[in-house]
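# Close look at the chain arrangement
Each chain, letter by letter, is given below.
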Amino acid sequence: MSRLETKKPSLCKSEPLTSESVRATLAVLKEIVTSCYGPSGRLKQLHNGLGGYVCTTSQSSALLRNLPVTHPILKILTTSVQNHVLCSRDCGLFTAILCCNLIENVQRMDLTPTTVIKLNKHLLSLCTSYLKSEACGCRISVDFSSTQIPLSLTHSIITSKPACMLTRKEVEHISTLILRAFLLTIPESTEDPVILGQSIIVPGKGQRVTDSTVLPGILIDMSEVQLRRLLPIQKPHALKVALFCISLSGDFSDTGEGTLVVPSGVSLENAALDQLLNLGRQLVSDHVDLVLCQKVVHPSLKQFLSSHGIIAIDRLGVTLMESLSKVTGTQPIGSLGSVSPSSYGSVKEVGSTQFGSKHFFHLIPDKATVCSLLLCSRNDTAWDELKLACQTALHALQLTIKEPWVLLGGGCTETHLAAYIRNKTHSEAESILKDCGCTQAELQLMAKAFCSALESPACSLEHDGGEILTDMKYGHFWSVQAESPSVRNWSDLLSRCGCGLLSSQEQLGWSFLRSMHPPFAPPTYLPCAAVGLAAVRSASSLTVDCLTAKLNGLQVAVETANLILDLSYIIEDKN
Amino acid sequence: MAVACWGVNRRHKGLQQLSSFAETGRTFLGPLKASKFITDAECQESVLVSSTLRLLESLDVSSAVGQLLNEAIFAQHGAHGTGTTTLLFLAGAWSRAAEEFLHLGIPIPIIVSVMSEGLNLCIEEVAFLQVPVHLVFDHLDSPRAVSGLEAARVSPRGVPPPGTAVRQEDGHLKDGATPPSLTTSGLPEQRATPPEPCISQAKVGAVESTRPCCRRSVLSRSRHLGRMGSSTCSSEPGASQGRGADPPGARTCTDLAELAAGLSHGSDGCMALVEAAVRLQLQDARGPPFALDISRLFTCCVPGLPDACSSVCPGFVTLVPASSAAAIQALARRPARVVVMDGDVTHTYRHPGFHAPGRMQTLGGLGEHGARPPEPSARTSPSLQAYRPAVLRGLAAGWLQYLSALLHNAAGSSAMEANTVIQRHLQHAPASGSPIGSVLHEHSRGCGWMFSPRLPDERERGSRVYDAVTPKVEAWRRALDLVLLILQTDSEIITGHGHTQMRAQHADGVSFL
């Protein structure tokens, strides 16, 4: 007898943001992301408390992946940030910090959600159009014919992840490798559209970071014995390759719930093997030199192929398949039936590579744009973090080649942008009031909240009690160590601004970042001489951010904040 | 989910945990180890340990800091087979130093920057103290004839636990930082049972001999093997970056017996097996340069036999069931063709990756039956310069504590006596005009007295003591990496159900999401 229960009524909560517990959890989340931000950000240990794997990180992707948030409002926030990270990789913490602060700042004011959202949208559009405009005073155009700015970009990304545990020398080595790996993924031909290749990160754990290297082509991890059995092969021509994504182990398809009925005297295993050997004969007659299989190859088929001088490598795994397909220029074969000769690809040569104690079968392509980044680190924790950082940097370079600009890093873009918006809402108040249909007081309140939120990621760069200042000309970010004597002459205490472009000796006036100061119009041009000077110095002298990622982060943060601020009810299904 | 903040009350919980873990391994430093009994209050079982590795196996290291420590120690052991106690000790000493810096109000980025810089300086300086050993093999007498299966029977005079064996190790001598490779000609059985060191460097005549035979009991000599290997690379680029192969003033070690004695750190005779292995390999060497190839050294553990039975022989030895003994005897002294099987040759064996179909029925004539075949750079600022001396002093204090503990353990000197000796050396070295020269001079006079239980008066008769370069330096680096990683961590986030325990344990500094 089945028992039926009446449906429980759904639980409806109104004005969720006004709840004290929601505010408290948002504050905790804000504290977590804020404390992780920047080169001196604090690390977090994520673990299950029961002796499981410990993840030490300060990167949003690893942090949010492991944070099991339950409250719907927090879920909206973390999911938005995760989605941003998924497509942009960089600027995840920036997005989260900005979003949390915007929500918090708005909550302190007595404004209707409609007004807030309308003004937020308007201010956001002011920001995006400024960052995209030629007159933007905080972006640098990137010329890929010089390594300077791309190198600064990778350098800035790597140094912002302290859990990588790299020394200055190691940061330089890794930054150069990332750039080299990226350049190897650019095709030589200038066909339109240009399709970028791939950089595969291969672990070289236990080795020195400075042992890391980049090699063209694909590396397949293999034991020395196995490698010796396969190599050397001398072929005067390029090698013909067959790439299989199905199992060649002689399995039969899964019968599921059904039963397979086989007449007596028939051996399914033999039948399957016969089919495999037929395939083998075809491969031989088609003059294939190299058989690559994602899954297992039957030992008998392997032996057959080997006796005909064909190299067979199996169990390559699904992760390598896309790259292998790119390197060999072929689509993976997915059936045992007739293999069309058009499905074969080729590689220029094969060889072996030894790296530390590991041995690799090395596939060297003719022109393909695939390379392997052998990444080393002393410990697993640092390696995991370094791998993430390298992926972020590689992606940032990809985004930058599409939109060839970078933003000033080290907090300067944020403070500069805030100065720009403050001035804009002051000087062009009339037109904004007309567009948004709000009062002067509402605009001033909202502009204050918005600009303060914009400055919050910059303020989050300081974790050791230092003071943050901004100059009254360019609106750049300046920080000074804690316990500095309060002196009038800031230029003696400050050395360079956050991005490294400006020196304190340039006759600037400073003010504490969040103090009341009259709005000023930051110049809508870059200090060109400074960019030139920075270019002469090393990659580490200039901190820059990926424009595409930051722009996307800015939009995601404001839109998510708007969405959360607009929530009137949370309806929970209790069944 | 719970978030536990470490920074409450200006005390860094992570660093404190690390230093208390490290404290437990203090007595393992040096050749004379005081063993520890670890008793499990619940199941009345006790284990005797005298190595860092075994200690960590027995301790509850389920906390996040414990896990990271475990990871570092096992990574060091995996790569070098030695240096784990050094790592543990320095991690403790430097975590105390780092906590002291926090008390002094030194900003974390400055601590991180100066401590890493300081260690780099030390490692560069160590290059001057490296002793080239590549001439050792050139000076070896023509190898003693050891042929066929006749074993070179040598055994250490010490009384290590039964089941003694020499551990196979990584063979890539050009870089001691490489993890162990068992692939070269390692058979599956070799891989299946990695020897687990429990009592390395036995205390002469101590309690170990009475220890019940334990099947995990293997004496690890890997540190000595690793040392030999790594030491040969001291002249490689990277190790002595750009400097000449032989550092000025460093006396080249040309005698294998002297090197062996120097690496045995007071455990007389414990290098005899290694010496025998060197001589054996030299016999087959294809000419200079010769280097001990550890990848061609296999271990066969025979539990239950006294240590005196340990030996080195050419070829490959493995345990076989008594029933096969007769068949093998019949093959003795006959040339044999060998097939190495991957998998087995039973009827039901299928290659890995083969999936048997779920349900299959074979239709027969009469009966039917179912068949079932069988994954920092810190800002430079005026204050960096201001804090630099203090941080460097703190870093140096780590090594002073290390030396002091070593003297205490080895010579039984009190902390004060040890400090007096160290301070005297520290004052003497710079005063001589050339600190490096002074250290090398002291070394050439022999500083074995430090490690022998004899009185310092007998120092003239002491022998030279050596350490392998790469494992040592890597142990320092790993120790500092661990401390800096924990130093920069401000909170732990406990996911899943683990946080319910947290709720009960601390109320202070824990918030829930």
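Residues numbered from 1 in each chain as written. Chains lettered and ligands numbered in written order. Predicted model: local features only at pLDDT ≥ 70, side-chain atom pairs only at ≥ 80, totals over all residues. Heavy atoms only, no water.

### Describing the overall build of chain A
On a plain count of helices and strands, chain A comes out with 18 helices and 21 strands. Considered along the principal axes of its C-alpha atoms, chain A spans approximately 90 × 80 × 50 Å. Residues classed as buried in chain A amount to 57% of the 575 residues present. Considering only intrachain contacts with a sequence separation of at least 6, the fraction spanning at least 24 residues in chain A is 76%. (Helix = DSSP H or I, 4+ residues; strand = E, 2+ residues; numbered from the N terminus. Buried < 20%, exposed > 50% of the residue type's maximum accessible area, 1.4 Å probe, protein only. Contact = heavy atoms within 4.5 Å.)

### A look at the overall build of chain B
The helix and strand tally for chain B stands at 15 helices and 7 strands. Here chain B, with 513 residues, has 48% of them falling under the buried criterion.

### Description of a nonpolar patch on the surface
Residues and elements named next belong to chain B. On the surface, V302, L305 and L319 cluster together to form a nonpolar patch covering roughly 250 Å² of accessible area. Following the sequence through the fold, V302 ends up in the loop between α9 (272-284) and α10 (325-331). We classify V302 as partly exposed; its relative accessible area is 32%. (Patch = residues over 30% accessible without salt bridge, like charges linked within 9 Å, V, L, I, M, F, W, Y side chains within 5 Å. Areas by Shrake-Rupley, 256 points an atom, 1.4 Å probe, with all protein chains shown as cover. Salt bridge = Lys/Arg side-chain N within 4 Å of Asp/Glu carboxyl O.)

### Observations regarding the packing of helix α5 (residues 108-126) of chain B against helix α14 (residues 469-487) of chain B
Two packed helices can be described by the angle between their axes and the distance between those axes. All names here are of chain B. In the contact formed by α5 and α14, the axes pass within 11 Å of each other and the chain directions differ by 180°. Looking at the two axes, α5 sits roughly antiparallel to α14. Contact residues: I108, I111, V112, M115, S116, L119, N120, I123 and V126 in α5; V473, W476, R477, L480, L484 and L487 in α14. Class assignment of the residues belonging to the contact of α5 with α14 gives a composition of 12 nonpolar, 2 polar and 1 charged. (Axes fitted to C-alpha atoms, helices over the stretch in contact; angles between N-to-C directions. Parallel < 35°, antiparallel > 145°, perpendicular 65-115°, else oblique. Nonpolar A, V, L, I, M, F, W, Y, C, P; charged D, E, K, R; others polar.)

### Some details on the sheet that holds strand β13 (residues 349-355) of chain A
Residue and element names in this part refer to chain A. Ordered by their spatial adjacency, 3 strands build an open sheet running β7-β14-β13, and the pairing between neighbours is antiparallel. Edge positions in the sheet fall to β7 (218-222) and β13, since each has one partner strand and no second. Taking the axes of each pair of neighbouring strands and ignoring which way they run, one obtains an average angle of 30° across the sheet. Both β7 and strand β14 (residues 358-364) contribute to a ladder of 5 bridges, which runs antiparallel. Bridge pairing links L219 to H362 in β14. The sheet strands contacting helix α11 (residues 318-328) are β7 and β14, and the helix crosses β7 at an angle near 130°. (Pairing = 2+ DSSP bridges.)

### Some thoughts on the sheet that holds strand β8 (residues 239-244) of chain A
Residue and element names in this part refer to chain A. Read from one edge of the open sheet, 4 strands run β11-β10-β8-β12, paired in mixed fashion. The open sheet has two edge strands, β11 (311-313) and β12 (345-347), and neither has a second partner. Direction aside, neighbouring strands of the sheet carry axes that sit 30° apart on average. The sheet contact formed by strand β10 (residues 290-293) and β11 spans 3 bridges and is parallel.

### Focus on the environment of L119 of chain A
Residues and elements named next belong to chain A. Within the secondary structure layout, L119 lies in helix α5 (residues 113-132). The class of L119 is buried, set by a relative accessible area of 1%. Discounting chain neighbours no more than four positions away, the residues touching L119 are I432, C436, C438, E442, L443 and M446.

### Some thoughts on the packing of α5 of chain A against helix α15 (residues 440-459) of chain A
Residue and element names in this part refer to chain A. Direction vectors running N to C along α5 and α15 enclose 55°, while the axes themselves pass 10 Å from each other. As judged from the angle between their axes, α5 and α15 are oblique. Viewed along their axes, α5 and α15 form a crossing whose handedness is right-handed. Of the residues in α15, those touching α5 at T115, V116, L119, N120, L123, L124 and C127 are E442, L443, M446, A447, F450 and L454. Partitioning the contact of α5 with α15 into residue classes produces 10 nonpolar, 2 polar and 1 charged. (Left-handed = near helix turned anticlockwise from the far one by under 90°.)

### What to know about the domain arrangement of chain B
Residue and element names in this part refer to chain B. The assigned domain composition of chain B is domain 1 (10-127 + 386-452 + 462-498) and domain 2 (256-287). Of note, the centres of domain 1 and domain 2, computed from C-alpha atoms alone, are 28 Å apart. Contacts between the two partners involve 5 residues from domain 1, matched on the other side by 6 residues from domain 2. Counting each side, the surface lost to burial between domain 1 and domain 2 is near 590 Å², with a carbon and sulfur contribution of 56%. Of all residues in domain 1, the largest losses of buried area upon contact with domain 2 belong to P31, R464 and Y466, amounting jointly to 67% of the total for that side. In this structure, the connection of domain 1 to domain 2 is made through 0 salt bridges. Taken together, the links from domain 1 to domain 2 amount to 2 residue pairs in polar contact (both at pLDDT 80 or more). When grouped by side-chain class, the residues that make up the side of domain 1 that touches domain 2 number 3 nonpolar, no polar and 2 charged. (Domains from an automatic or database assignment. Buried area = accessible area lost by both parts, 1.4 Å probe. Polar contact = N/O pair within 3.5 Å; in protein donor to acceptor, adjacent residues only side chain to side chain.)

### Some words on the pattern of salt bridges
Residues and elements named next belong to chain A. Under the counting rule described, the total for this entry stands at 20 salt bridges over all chains. With a shortest N-O distance of 3.3 Å, E104 and R108 are connected by a salt bridge. With a relative accessible area of 22%, E104 lands in the partly exposed category. Two residues, E134 and R139, come together in a salt bridge whose shortest N-O distance is 3.7 Å. Of the residues examined, E134 reaches a relative accessible area of 70% and is grouped as exposed. Connected through salt bridges with shared partners, the residues K30, E104 and R108 form a single ionic network.

### What about the environment of V480 of chain A?
When you line up the elements, V480 of chain A lands in strand β18 (residues 477-480). Residue class for V480 of chain A comes out buried when judged on its relative accessible area of 4%.

### As for the environment of G398 of chain B
Residues and elements named next belong to chain B. By the secondary structure assignment, G398 is in helix α11 (residues 382-411). Using a relative accessible area of 0% as the deciding quantity, one classes G398 as buried. If near-sequence neighbours (up to four positions away) are discounted, G398 is found in contact with F89, L90, A93 and W94.

### Topic: the confidence of the model for chain B
Residues and elements named next belong to chain B. Overall, the prediction assigns chain B a mean pLDDT of 70, with 64% of residues at 70 or greater. Mean pLDDT across the elements of chain B ranges from a minimum in helix α6 (residues 188-192), with 33, to a maximum in helix α4 (residues 84-103), with 95. Contacts of residues 367-376 to residues separated by more than four positions or lying in other chains number 15 contacts, the stretch itself having pLDDT below 50. Contacts from residues 502-507, a stretch scored under 50 in pLDDT, to residues over four places away or in other chains number 5 contacts. Scoring the predicted complex yields pTM 0.82 and, for the interface, ipTM 0.84. (pLDDT = per-residue confidence, 0-100.)

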